[in-house]
Amino acid sequence: LNSAITEIHKKITEAFEVFDHECNKTVDVREIGTIIRSLGCCPSEGDLHDMIAEVEEEEPTGFIRLEKFLPMMTRVLTERRYRPIPEDILLRAFEVLDQNKCGHLTKDELVKYMTEEGEPFTQEEMEEMLSAAVDPETNNVRYKDYISMMVVDEKLRTSCVTHIGLNLLLGAC
């Protein structure tokens with residue numbers, strides 16, 4: 001167990017240090033979401049705000065210290081919280097939204113679901129998703145291909161699978 005915890009601490013510290021530009025064991029609070037997602041977790045924006053509130057100083061400085069981040073993130077990883085939504089559930093959510101059962105959604109349909117249902121995507125998140133998901137020739141999203149691509153591309157998967165899944169599931173219900 002101790003070696004597993006040591007390994008988790010090492011992984012968290014390495015991810016944190018990528019953004020510790022001053023080498024003083026602090027990172028800009030705006031980088032915390034990226035660090036958490038790089039560790040394979042996909043919290044909602046609300047969960048992310050709660051996590052940041054837990055590790056911020058009493059008087060927020062705009063920076064998060066490793067010594068406060070490490071125990072919180074260790075707990076999150078050992079409890080396996082904020083895991084990406086499985087591929088088969090994502091597929092079912094897309095299929096429910098695909099009312100014509102044609103294997104794709106139009107770009108406009110996708111934008112509508114992602115910005116009007118559930119936890120809305122930011123403009124930046126929407127642009128990132130569209131650049132990866134939309135076929136430029138047809139302006140459609142072949143969702144089986146897109147899901148397969150997300151599963152292969154770990155960065156894409158961890159940055160948006162839970163967010164997409166929550167929106168799709170909320171839109172599909």
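Nothing here was measured: the structure is a model prediction, and the numbers come from that model.

## Overview of the overall build of the protein
Turning to step 1, where the next piece is worked out: Along its length, the protein carries nine helices and four strands.
Turning to step 2, where the next piece is worked out: Reading the helices (α) and strands (β) of the protein from amino to carboxyl end gives α-β-α-α-β-α-α-β-α-α-β-α-α.
Turning to step 3, where the next piece is worked out: A total accessible area of about 9900 Å² is found for the protein, and carbon and sulfur atoms account for 51% of it.

## Topic: the packing of helix α1 (residues 2-18) against helix α4 (residues 66-78)
Turning to step 1, where the next piece is worked out: Closest axis-to-axis distance for the α1/α4 pair is 10 Å, and the angle between their directions is 125 degrees. As summarised for this structure, α1 and α4 are arranged oblique, according to the angle between their axes. Classified by chirality, the crossing of α4 by α1 is right-handed. Residue-level inspection shows Ile-5, Ile-8, His-9, Ile-12, Thr-13 and Phe-16 of α1 in contact with α4, the latter providing Leu-66, Phe-69, Leu-70, Met-73, Thr-74, Leu-77 and Thr-78.
Turning to step 2, where the next piece is worked out: Residues belonging to the contact of α1 with α4 are distributed by class as follows: nine nonpolar, four polar and no charged.

## What about helix α7 (residues 123-133)?
Turning to step 1, where the next piece is worked out: Taken together, the buried positions of α7 are Met-126, Met-129, Leu-130 and Ala-133. Projected down its long axis, α7 shows its buried positions confined to an angular sector of 100 degrees, all on one face. Facing away from the buried side of α7 by more than 90 degrees, the exposed set consists of Glu-124 and Ser-131.

## Some remarks on the nonpolar core
Turning to step 1, where the next piece is worked out: Judged by nonpolar contacts, the single largest core of 25 residues is most densely connected at Ile-12, Ile-32, Ile-35, Ile-36, Phe-69 and Met-73.
Turning to step 2, where the next piece is worked out: Of all the secondary-structure elements, those providing two or more residues to this core are α1, α2 (32-38), α3 (45-55) and α4.
Turning to step 3, where the next piece is worked out: Counting residues per element, this core draws most heavily on α4, which supplies seven residues.
Turning to step 4, where the next piece is worked out: Discounting residues that sit within four places of it in the chain, Ile-36 has contacts with Cys-41, Pro-43, Leu-48, Met-51, Phe-69 and Met-73.

## Overview of α3
Turning to step 1, where the next piece is worked out: Inspection of α3 places Leu-48, Met-51, Ile-52 and Val-55 among the buried residues, and these make up the whole buried set. Buried residues of α3, viewed axially, fall in a sector of 100 degrees; they line one side. Among the exposed residues of α3, those oriented more than 90 degrees off its buried face are His-49, Asp-50 and Ala-53.
Turning to step 2, where the next piece is worked out: Of the surrounding secondary structure, the elements contacted by the buried residues of α3 are α2, β2 (63-65) and α4.

## A word on the packing of aromatic side chains
Turning to step 1, where the next piece is worked out: What the rule picks out here adds up to two aromatic pairs.
Turning to step 2, where the next piece is worked out: Ring geometry for Phe-16 and Phe-69: centres 5.5 Å apart, planes at 35 degrees, overall tilted. Taken together, the positions of Phe-16 in helix α1 and Phe-69 in helix α4 put the pair 53 residues apart, joining distant regions of the chain. The residues Phe-16 and Phe-69 share a single accessibility class, namely buried.
Turning to step 3, where the next piece is worked out: Their ring planes at 5 degrees and their centres at 5.2 Å tell us that Phe-94 and Tyr-143 sit as a pair that is stacked.

## Observations concerning the UniProt feature "domain: EF-hand" (unreviewed entry) in the protein
Turning to step 1, where the next piece is worked out: When the UniProt feature table is mapped to this numbering, "domain: EF-hand" (unreviewed entry) covers residues 7-42 and 85-120.
Turning to step 2, where the next piece is worked out: Across residues 7-42 one finds 53% helix and 8% strand; the C-alpha atoms that close the span lie 20 Å apart.
Turning to step 3, where the next piece is worked out: Each end of residues 85-120 is marked by a C-alpha atom, and these two atoms are 17 Å apart; helix forms 58% of the span and strand 8%.

## Some remarks on the pattern of salt bridges
Two side chains bearing opposite charge may form a pair once their charged atoms approach each other closely.
Turning to step 1, where the next piece is worked out: Here the structure, examined in full by the defined rule, presents nine salt bridges.
Turning to step 2, where the next piece is worked out: Across the pair Glu-14 and Lys-10 runs a salt bridge, and its minimum N-O distance is 3.6 Å. Within this pair, Glu-14 and its partner Lys-10 are both found in helix α1, separated by four residues, close to a single helical turn.
Turning to step 3, where the next piece is worked out: By relative accessible area, which is 43% here, Glu-14 ends up partly exposed.
Turning to step 4, where the next piece is worked out: A relative accessible area of 45% means that Lys-10 is categorised as partly exposed.
Turning to step 5, where the next piece is worked out: Glu-45 is the partner of Arg-37 in a salt bridge, and the nearest nitrogen-oxygen pair spans 3.2 Å.
Turning to step 6, where the next piece is worked out: Salt bridges here are not isolated pairs; linked through shared partners, they connect Glu-57, Arg-65 and Glu-67.

About the cut-offs
Here the residue numbering is sequential within each chain, running from 1 through the sequence in written order. Predicted model: local features are reported for residues with pLDDT of at least 70 only, side-chain atom pairs are reported and counted for 80 or more only, and whole-chain, interface and lining totals are derived from all residues. Excluded from the side-chain calculations are hydrogens and water; all other atoms, namely the structure's heavy atoms, are used. Every helix listed is a DSSP run of H or I at least four residues long, and every strand listed is a run of E at least two residues long, numbered separately from the N terminus. Only the protein chains shown count as cover for residues, and the accessible areas themselves come from Shrake-Rupley with a 1.4 Å probe. In this analysis an axis means a line fitted to C-alpha atoms, helices contributing only their contacting stretch, and an angle means the value between N-to-C directions, from 0 to 180 degrees. By the definition adopted for this analysis, an angle is roughly parallel if under 35 degrees, roughly antiparallel if over 145, roughly perpendicular if from 65 to 115, and oblique otherwise. With the far helix as reference, a near helix turned anticlockwise by less than a right angle produces a left-handed crossing, and one turned clockwise produces a right-handed crossing. Residues are treated as being in contact if the distance between any of their heavy atoms lies within 4.5 Å. Amino acids outside the nonpolar list (Ala, Val, Leu, Ile, Met, Phe, Trp, Tyr, Cys, Pro) and the charged list (Asp, Glu, Lys, Arg) are all regarded as polar, and Gly is one of them. Burial classes: relative accessible area under 20% of the type maximum marks a residue as buried, over 50% as exposed, and values in between as partly exposed (1.4 Å probe, protein chains only). Directions pointing from the helix axis toward each C-beta atom define the arc. Only buried residues count toward a nonpolar core. Its members are Ala, Val, Leu, Ile, Met, Phe, Trp, Tyr and Cys residues joined through side-chain atoms within 4.5 Å. Aromatic pairing here means that ring centres of Phe, Tyr or Trp (its six-membered ring) are within 6.5 Å. Orientation follows from the plane angle: under 30 degrees is stacked, over 60 is edge-to-face, and everything else is tilted. UniProt positions are given in the numbering used here, feature names are shortened, and annotations may be inferred rather than shown by experiment. For salt bridges, the criterion is a side-chain nitrogen of Lys or Arg within 4 Å of an Asp or Glu carboxyl oxygen.

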